[in-house]
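Chains, contacts and geometry: an overview
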Amino acid sequence: MRPFGYVSAPDVATAVRVVSTEPNAKFLGGGTNLVDLMREGVERPDTLVDVTGLPLTAIEELPGGGVRIGALVRNARLAADPLIRSRYPVLSRALLSGASAQLRNVATVGGNLVQRTRCPYFYDHASACNKREPGAGCDAIGGVNRNHAVLGASEHCIATHPSDMAVALAALDAVVELESVRGTRRVPLLDLHRLPGETPHVETVLTADELITAVELPHLPVAAASHYRKVRDRASYAFALVSVAAALHVREGVVTDVRLALGGVAAKPWRAHQAERVLLGAEATEEVFLRAADAELAAATGLPDNTFKIELARRTIVATLQELLTDGSAA
Amino acid sequence: MNGLVGRPVERVEGHAKVTGTARYPADDPVPGALHGFLVTSTVARGEVTDIDTSAALGHPGVVAVYTHREMPRLTVPPFPYPKGFIPLQGTAIHHAGQPVAIVLAETLEQAQEAASLVQVRYRSEPPRAVIDDAGQQPYLPPPFRDRPNEFTRGDASRALAQAEVRVEAHYSSPTRHHNPIEPHATTAHWDGDRLTLHETTQGVNVTRGVVATAFGLPADRIRVLAPYLGGGFGAKGPVWPHTIVNAAAARLARRPVRLVLSRAQMFTLTGHRAEFRQHLKIGATREGRLTAIVETTTAQLTTTEESIFNESDSTSTLYTCPNVHIRQEGVRLDIATSSYMRSPETTAHFGLETALDELSWVLGVDPLELRRRNHTDIDQETGLRIASKHLLDCYTTAADAFGWSRRNPAPGATRDGDEYIGWGMATEAHTFSAIPATASVTIGLDGKAVLRIATQDIGTGTRTIICQIGADALGVPITDVHAVIGDSALPNASLSAASATIASISGPVDRAARTARDTVVGLAVADRRSPLFGVPVSDVETRHGHLIHTRDQARRDTYRAVVSRAGKPVETTGSVPNVPGHSYGVVFAEVRVHARLGAVRVTRVVTAHDMGRVMNRRTARGQVLGGVTWGIGHALMEHTVYDRATARVVNPNLSTYLVPVCADVPSVETLFVDRPDPSSTALGARGFGETPITGVPAAIGNAVYHATGRRVRDLPITQDKLL
């Protein structure tokens, strides 16, 4: 590992100031991804600014029924929080389906959102990767791409975003609060991550010196009946081939409210607006669910290794909606 | 006898292991040791044209960087060095991940960082990474360790042509890696031309021999220490290049050097189970009696090594069949050499046990009944009766426990909610070796016994079973015996591999301990100060550390008293040969397959095994649980993936090379027949470790077929294959 400087930030102002003034400095949260990447030599910061001592660890109910989550809340604690479990079960389930118990005890909400892709070519220095080295090319496209994107990819990058939590947040219309020396701004979660286009190394709209300080969830009654289904190659501790975050409300057989997002299929958590449009106001039947899935996946394209994910996503969307329908929670 | 053998005695080193006091080879402190780190090739085929080490040499803490330019010339050892070449001896590149330089530094972090600063230029050619890309016809390699790769019995092609029923299918499995939790580690410490190696090895003596050959040294100049091992599974059976390269570097640097492979390096430097194809043609009568088996297998070989490690023993020996023709072929690829991986015969066993299941459906015969009809107690290769084989008992015991008779045979007929339920079974079988060994016993003045033998405990419970045997033979509590193993300076034993350990060392340990007991009894009855003076030795029994007159229990002495009066320790040795053979069993598995998503869950497993005498029920059960767990991995997820353009491993870590997690493994009911084998000198025990995985992949695949009506012949059975 390359030698680096370390600063433990006493407050948010110091943290963002140091990162904005020190060249090549990065925030250190739980470190579950960043430290790995440093060991692999993919991330090579000169200075780490440890933010884990900052007072961003509260989970607070907001006036009007929303919830504000401090960026340093650990994943395990967020998953177990009674407010989250009752009002946004999809978020709790998404968190618990991610990583391992040990990692969830350490990983933070803010860090989870800005973790990097697990594309193996991103990790392998001898491979071409436009994320790691802009302009180098993408060896994943002609290589092994079983876990890669089928939506929103480009000829420059087909990596997926690995987070489960972010998929649930995408379904829940979450808003992310960012802090920098220039002040505070709020960005919808859906606008935080970027599709690769011609600049896959630019993964979010964050500037290098912006710190995620909180995530806010709006009051969202439909989320009380919500579920997260993660499909993967083993029962635990594996990234999603496909995942679905869904919230559904049905009255008299008709969908009156719905939120749907997909994971494992794109460079960002993928809100399924097309499917939602089909579903809203339609009858809650398997046929409609299939039509909604097909609408969302009409634009999906696969490569030899990952074309199956389109069919898998279609089936997982239907399975998840059916589960919400039949277990009675959507009524 | 205390009767410890056969009981579920807990591991004698268990406390040391769970409290972290057990010292594994990389834990041994070696004063002044440098840290080594290997620079490995990014190309798979070609040659090194230039290496610039200046930046690495300028990094803080770096003591040396050695390449082929600095390394001494070494001799390529024969088996068990299954590599065919030693790196850093020239410029040729045979696979990605081949070491091209070694960096020595004061700290591990310095060595790692400096290794990334070594600039290597290559001339590269397009490599061949998988059998599909071989671009060559498979060929029949020469015999490996005197075993030919082609085997015939009777006239298989004719019998196949005349068979009433035929089944033909192609089966395949990918490259897989052992992935022991403990990475390979070696520390080389030279004192003149004497070398001490702290080594993660399944064979201290084998390592000593291979390294001696490489350096042209007499073996007695080398001492190899491996007191504990964090898993081997065959990966630490052979000697691999990093051990030799590191020892050479330590000699050049005149400092001890410790080298620990990274997880990624373990995917190219320590062997693997070769990618494998199997074409099976089976002929049978309408009643299901096998009349012909024709099998051609294709295994990945390399340009430097053509040994085939995935043998087809089960195909030729497991069932009675008069006409068999097996060809074990290979193709040469530009990846690392393969080697033994527990359990080598599993690979071909999968095809055989799946083909039998396919035959059972063709015939409309229950799969278990089909196996009973083809059962044999005759060794198919020698024609001799097998001394002890209780496979039929295994079938009955496990089938009853599983409830097999309640099975609805129709595929896809049993459903619970969103899931199909299927039941499958397969026979388990594996060979075991028996390798000559010698043990010694020393009874000290304190009356306690030290058992010494140069074997290893690779996590299977060997150390505990040595203590059980020694304590029983001496008639002392297990707390009064101590096993010293994992040191090449000890009395000779061989690899902990090929399921050979218990079969090889039990007799010698027992003999040495019995001789020590007899010696102490002899001392007592000859000693006027002993209450047993003058008693015939045949009238003395030993129990709980006491020597007791069998007909007058009040007359007794103790080991401690006898040996301390004698004034010097009692030392004995023992050596007893044994014969190789097979251990058998059966595995029944229940799976649930999600009707919509194709995800497979294994929900229930029952096994029964015949391994002769069960030496320790607890450790034997551990072997079965490990085998079932790994078999689930084989069946459903394990898969080393190569980039076909570069022949580099794409998933060289435990986050993307998936092995089962606890949630993938159901409760496993482990049953044992437990009848001593009269032909075994290992107290009636047979070698066993590798048997309980062999049938698991086929049992799961057969259960998936029963659940869904879909036959997946290409492992692993990932859910995309069932959509």
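Since the model is a prediction, treat every value here as computed from it, not as a measurement.

Each helix and strand in chain A was counted, giving 13 helices and twelve strands. A globule of 331 residues ought to have a C-alpha radius of gyration of about 20 Å, and chain A, at 20 Å, matches this closely. Referenced to the eigenvectors of the C-alpha coordinate spread, the extents of chain A come out at roughly 60 × 50 × 35 Å. Taking all 331 residues of chain A together, 57% fall into the buried category. Nonlocal contacts in chain A, meaning residues at least 24 apart in sequence, comprise 62% of its contacts between residues at least 6 apart. Accessible area of chain A: about 12800 Å², with a carbon and sulfur share of 51%. Separation of charge centres in chain A, based on 34 positive and 37 negative side chains, amounts to 3 Å.

All right, on to the overall build of chain B then. Tallying secondary structure elements over chain B gives 16 helices and 27 strands in all. Taken against the 2.2 N^0.38 rule, which gives 27 Å for 723 residues, the C-alpha radius of gyration of chain B at 27 Å falls within 12% of a compact globule. Based on the C-alpha atoms only, the size of chain B along its principal axes is roughly 80 × 70 × 50 Å. Considering only residue pairs separated by 6 or more positions, chain B has 80% of its internal contacts joining residues 24 or more positions apart. Roughly 25400 Å² of accessible area belongs to chain B as shown, and the carbon and sulfur atoms make up 50% of that amount.

Another point: the environment of L312 of chain A. Take L312 of chain A: it is sitting in helix α13 (residues 308-326). Classification of L312 of chain A as buried rests on a relative accessible area of 0%. Here the alpha-carbon distance between L312 of chain A and V242 of chain A, two residues 70 residues apart in the chain, equals 7.1 Å. With sequence-adjacent residues up to four places away left out, L312 of chain A is seen in contact with V231, L241 and V242 of chain A together with L597, Q719 and L723 of chain B.

This part covers the pairing of strand β12 (residues 257-260) of chain B. All names here are of chain B. Here strand β1 (residues 34-40) runs beside β12; their pairing, made up of three bridges, is parallel. The residue bridging H35 from the neighbouring strand is R258, located in β12. Pairing geometry for strand β9 (residues 185-191) and β12, over four bridges, is antiparallel. Bridging from a neighbouring strand, A185 pairs with V260 of β12.

This part takes up the pattern of salt bridges. Charged atoms that come close allow side chains of opposite charge to pair. Applying the stated criterion to the full structure yields 69 salt bridges over all chains. Residue R116 of chain A pairs with E203 of chain A through a salt bridge whose shortest N-O separation is 2.9 Å. Here R116 of chain A is found in the loop between α7 (109-113) and α8 (120-123), whereas its partner E203 of chain A is found in the loop between α10 (189-192) and β8 (211-217), with 87 residues between them in sequence. When sorted by exposure, R116 of chain A lands in the same class as E203 of chain A, which is buried. In this structure, the salt-bridge partner of R327 of chain B is E150 of chain B, at a minimum N-O distance of 3.3 Å. Of the two residues, R327 of chain B is situated in strand β15 (residues 324-333) and E150 of chain B in strand β7 (residues 150-153); the sequence distance between them amounts to 177 residues. Salt bridges sharing partners connect three or more residues here, namely R45, E47, R123, E125, R128 and D334 of chain B.

Right, let's get into the sheet that holds strand β12 (residues 270-271) of chain A. Residue and element names in this part refer to chain A. Strand order across the open sheet formed by four strands is β9-β10-β11-β12, with antiparallel pairing between neighbours. Looking at which strands have only one partner, the edges of the open sheet turn out to be β9 (226-231) and β12. Bridging between strand β10 (residues 242-251) and strand β11 (residues 254-263) involves nine bridges; their strand directions are antiparallel. Looking at β11, one finds that A246 is bridged to L260. On top of the sheet, helix α5 (residues 89-96) reaches β9 and β10; it is set at about 20° to β9, its chief contact.

Along an α-helix, residues three or four apart share an orientation, since each turn contains 3.6 residues. Buried residues of helix α1 (residues 12-21) of chain A: V12, T14, A15, V16, V18 and V19 of chain A, and no others. Contacts made by the buried residues of α1 of chain A are with β2 (25-28), β3 (47-50), β6 (175-180) and β8 of chain A.

The subject of this paragraph is the packing of helix α12 (residues 286-297) of chain A against α13 of chain A. The description of two packed helices rests on the angle between their axes and on the distance between the axes. Residues and elements named next belong to chain A. Running from N to C, α12 and α13 cross one another at 140°; their axes reach a closest spacing of 9 Å. One finds that α12 runs oblique with respect to α13. For α12 against α13, the interelement crossing comes out right-handed. Across from E286, F289, L290, A293, D294 and L297 in α12, the residues of α13 making contact are I310, A313, R314, I317, V318, L321, Q322 and L325.

With that settled, the discussion passes to the domain arrangement of chain B. Residues and elements named next belong to chain B. Parsing chain B into structural domains produces domain 1 (27-125 + 181-231 + 236-269), domain 2 (276-376 + 388-433 + 580-722) and domain 3 (434-574). Centre-to-centre, using C-alpha coordinates, domain 1 lies 36 Å away from domain 2. Our count for the contact surface shared by domain 1 and domain 2 stands at one salt bridge. Note that R45 and D334 form a salt bridge whose closest N and O atoms lie 3.7 Å from each other. Tallied by class, residues from the side of domain 1 that touches domain 2 come to ten nonpolar, five polar and three charged.

For the rest of this paragraph, the subject is the nonpolar core. Across soluble globular proteins, nonpolar side chains have a tendency to be buried as a group. Residue and element names in this part refer to chain B. One finds L359, F588, V591, L636 and I700 to be the most contacted residues of the largest nonpolar core, which totals 73 residues. With near-sequence residues (within four places) excluded, F588 lies in contact with L368, Y395, A398, A399, F402, W404, G424, M425, R604, V605 and V606. By size, the runner-up hydrophobic cluster in this structure holds 43 residues, among which are A439, I453, L532 and Y559.

Once that is clear, we can look at the interface of chain B and chain A. Each side of the interface is counted separately: chain B has 26 residues, and chain A has 32 residues. Surface buried jointly by chain B and chain A totals about 2300 Å² across both partners, of which 57% is contributed by carbon and sulfur atoms. For chain B, the biggest contributors to the area lost against chain A are R596, L597 and L723 of chain B; these three give 25% of the whole. Across the contact surface, chain B and chain A share four salt bridges. Residue D720 of chain B is joined to R146 of chain A by a salt bridge in which the shortest nitrogen-to-oxygen separation is 3.0 Å.

Moving on: the sheet that holds strand β6 (residues 119-124) of chain B. The strand order β4-β2-β6 (chain B) describes an open sheet built from three strands, whose pairing is antiparallel. Taken across any chain shown, the strands that pair with only one partner, and hence form the sheet edges, are β4 (92-93) and β6 of chain B.

So, about the domain arrangement of chain A. According to the domain assignment, chain A contains domain 1 (5-53) and domain 2 (222-326). On a C-alpha basis, the centres of domain 1 of chain A and domain 2 of chain A stand 36 Å from each other.

Here we come to the packing of helix α9 (residues 346-363) of chain B against helix α16 (residues 696-708) of chain B. Residue and element names in this part refer to chain B. α16 packs onto α9 with a crossing angle of 30° between their chain directions and a minimal axis gap of 8 Å. What the angle tells us is that α9 and α16 run roughly parallel. In this structure, α9 crosses over α16, and the sense of that crossing is right-handed. Residue-level inspection shows T346, F350, E353, T354, D357 and W361 of α9 in contact with α16, the latter providing P697, A698, N702, Y705 and H706.

Residues and elements named next belong to chain B. Following the criterion strictly, the structure yields 17 aromatic pairs over all chains and no others. Geometrically, the ring pair formed by F402 and W404 is tilted, given 6.4 Å between the ring centres and 45° between the ring planes. Residues F402 and W404 agree in their burial class; the two are buried. Above the plane of the ring of W190 lies R251, whose end atom (NZ or CZ) is 4.2 Å from the centre. Sitting over the face of the ring of F402, R604 holds its NZ or CZ atom 4.1 Å from the ring centroid.

All names here are of chain B. Assignment of secondary structure puts N616 in the loop between β26 (600-610) and α15 (617-636). One polar contact links N616 to Q468, side chain to side chain, over a distance of 3.0 Å. Of note is the side chain of N616, whose polar atom sits 3.2 Å from the backbone nitrogen of T619. Discounting chain neighbours no more than four positions away, the residues touching N616 are G6, R7, P8, V9, T464, I465 and Q468.

Turning to unusual backbone geometry, a few remarks are in order. A negative phi holds for most residues other than glycine; trans holds for most peptide bonds. Here the residue pair F79 of chain B and P80 of chain B is connected by a cis peptide bond, since its omega of 5° sits within 30 degrees of zero. With respect to the element layout, P80 of chain B can be found in the loop between β3 (62-67) and β4. Looking along the chain, the bond that leaves R342 of chain B and enters S343 of chain B is cis, with omega of -5°. Along the chain, S343 of chain B falls in the loop between β15 and α9. Positive phi, normally seen in glycine, also occurs at D173 of chain A, with a value near 60°. Mapping D173 of chain A onto the fold places it in the loop between α9 (165-171) and β6.

Rules and cut-offs
Residues numbered from 1 in each chain as written. Chains lettered and ligands numbered in written order. Predicted model: local features only at pLDDT ≥ 70, side-chain atom pairs only at ≥ 80, totals over all residues. Heavy atoms only, no water. Helix = DSSP H or I, 4+ residues; strand = E, 2+ residues; numbered from the N terminus. Rg over C-alpha atoms; globule rule 2.2 N^0.38 Å. Buried < 20%, exposed > 50% of the residue type's maximum accessible area, 1.4 Å probe, protein only. Contact = heavy atoms within 4.5 Å. Areas by Shrake-Rupley, 256 points an atom, 1.4 Å probe, with all protein chains shown as cover. Lys, Arg positive; Asp, Glu negative; His and termini not counted. Charge placed at Lys NZ, Arg CZ, Asp CG, Glu CD. Pairing = 2+ DSSP bridges. Salt bridge = Lys/Arg side-chain N within 4 Å of Asp/Glu carboxyl O. Axes fitted to C-alpha atoms, helices over the stretch in contact; angles between N-to-C directions. Parallel < 35°, antiparallel > 145°, perpendicular 65-115°, else oblique. Left-handed = near helix turned anticlockwise from the far one by under 90°. Domains from an automatic or database assignment. Nonpolar A, V, L, I, M, F, W, Y, C, P; charged D, E, K, R; others polar. Core = buried A, V, L, I, M, F, W, Y, C linked by side-chain atoms within 4.5 Å. Buried area = accessible area lost by both parts, 1.4 Å probe. Phe/Tyr/Trp six-rings, centres within 6.5 Å; stacked < 30°, edge-to-face > 60°. Lys NZ or Arg CZ within 6 Å of the ring centre and 35° of its normal. Polar contact = N/O pair within 3.5 Å; in protein donor to acceptor, adjacent residues only side chain to side chain.

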